[in-house]
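Coordinate analysis (summary)
Each chain, letter by letter, is given below.
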Amino acid sequence: MTTEQEQKLILGTEEGLKNAYTKNYNEDSRVGASVLTDKGNIYSSGNYTSDTGSLTLHGEHSVLAHSASHGEYGIVAIAIAGNERALSKNHNQTIYPCHMCKQLIWESSLKSGINTEILIVQNGKVVERLFIKDIMNYAWPK
């Protein structure tokens, strides 16, 4: 991934935060995500909140579906950021993919053969880099 692509991924998380679908724009937790595909394209999205909670799509879910809707399934990197509300609910710790999101990233990685890089973004900067194969213990399927 080039420096330019990384900067576009960071901007994509901000776009995802802005466009996240929540009940109360300023008061709700918002997670933005963006992906870099193996074709070099970048897509962004945010969480899509359901009143039921259980039907909510996380930012990672949304962005993976968004890239797939363009026929792109090979995910080289995914960047994730949360707004201030999401960070405060997480005791001001960085936002990591939950287990459901890691599972979707893992399955995408298995199908494409790409060890997807996960960029954790906070305040417009990458604060941590992870690879899906390094963080999936007891993965299903192996």
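Since the structure is predicted, the reported quantities are computational estimates derived from the model, not experimental observations. (Residues numbered from 1 in each chain as written. Predicted model: local features only at pLDDT ≥ 70, side-chain atom pairs only at ≥ 80, totals over all residues. Heavy atoms only, no water.)

1. Things to note about the pairing of strand 3 (residues 75-82)
Heads up, the condition is: Only protein chains enter the calculation, and the probe is 1.4 Å; a residue is then buried if its accessible area is under 20% of its type maximum, exposed if over 50%, and partly exposed in between. Elements are defined by DSSP. Helices are runs of H or I of four residues or more, strands are runs of E of two residues or more, and each kind is numbered from the N terminus. We treat two strands as partners when DSSP finds at least two bridges between them.
Where burial is concerned, most of strand 3 is hidden: 7 out of the 8 residues are buried. Inspection of the sheet shows strand 3 paired to strand 4 (residues 117-122) by 4 bridges, in the parallel sense. Paired with A79 across the two strands is L119, which belongs to strand 4.

2. Digging into the layout of surface pockets
To keep it simple, the criterion reads: We place a 1 Å grid over just the protein atoms. Points where a 1.4 Å probe fits but has no way out form a cavity, open points with protein on both sides within 12 Å along at least 5 of 7 lines form a pocket, and any residue with an atom within 4 Å of a point lines it. Grid points are joined across faces, edges and corners, and a volume is the space filled by probe spheres set on the points. All amino acids are sorted into three groups, where Ala, Val, Leu, Ile, Met, Phe, Trp, Tyr, Cys and Pro are nonpolar, Asp, Glu, Lys and Arg are charged, and the leftover types, Gly among them, are polar.
Space inside the largest pocket adds up to approximately 340 Å³. In terms of lining, the largest pocket is formed by 16 residues, of which the most central are S29, V31, H58, A86 and I95. Of all the elements in the fold, those that place two or more residues in the lining of the largest pocket are helix 2 (59-69) and helix 3 (84-89). Across the lining of the largest pocket, the residue classes tally to 6 nonpolar, 7 polar and 3 charged. The computed volume of the second largest pocket comes to approximately 220 Å³. Taken together, H61, L64, S67, A68, E72, Y73, I75, L104, E107, S108, K111 and S112 form the lining of the second largest pocket. Contributing elements (two or more residues each) for the lining of the second largest pocket: helix 2 and helix 4 (99-112).

3. Some details on the sheet that holds strand 3
Quick note on the threshold: Structural elements are reduced to axes, namely lines fitted to C-alpha atoms, with helices fitted over the stretch in contact, and the angle between N-to-C directions of any two is expressed from 0 to 180 degrees. A contact between two residues is defined here by any heavy atoms of the two lying within 4.5 Å.
Strands sit in the order 2-1-3-4-5 across an open sheet of 5 strands; the sheet is mixed. Sheet topology places strand 2 (42-46) and strand 5 (125-131) at the edges, where each strand pairs with a single neighbour. Shown here is a sheet whose adjacent strand axes are inclined to one another by a mean of 20 degrees, direction ignored. With 7 bridges connecting them, strand 1 (residues 31-37) and strand 3 associate as antiparallel partners. Opposite A33, over in strand 3, you have I80 as the bridge partner. Packing of helix 2 onto the sheet brings it into contact with strand 1, strand 2 and strand 3, and relative to strand 1 it is tilted by some 35 degrees.

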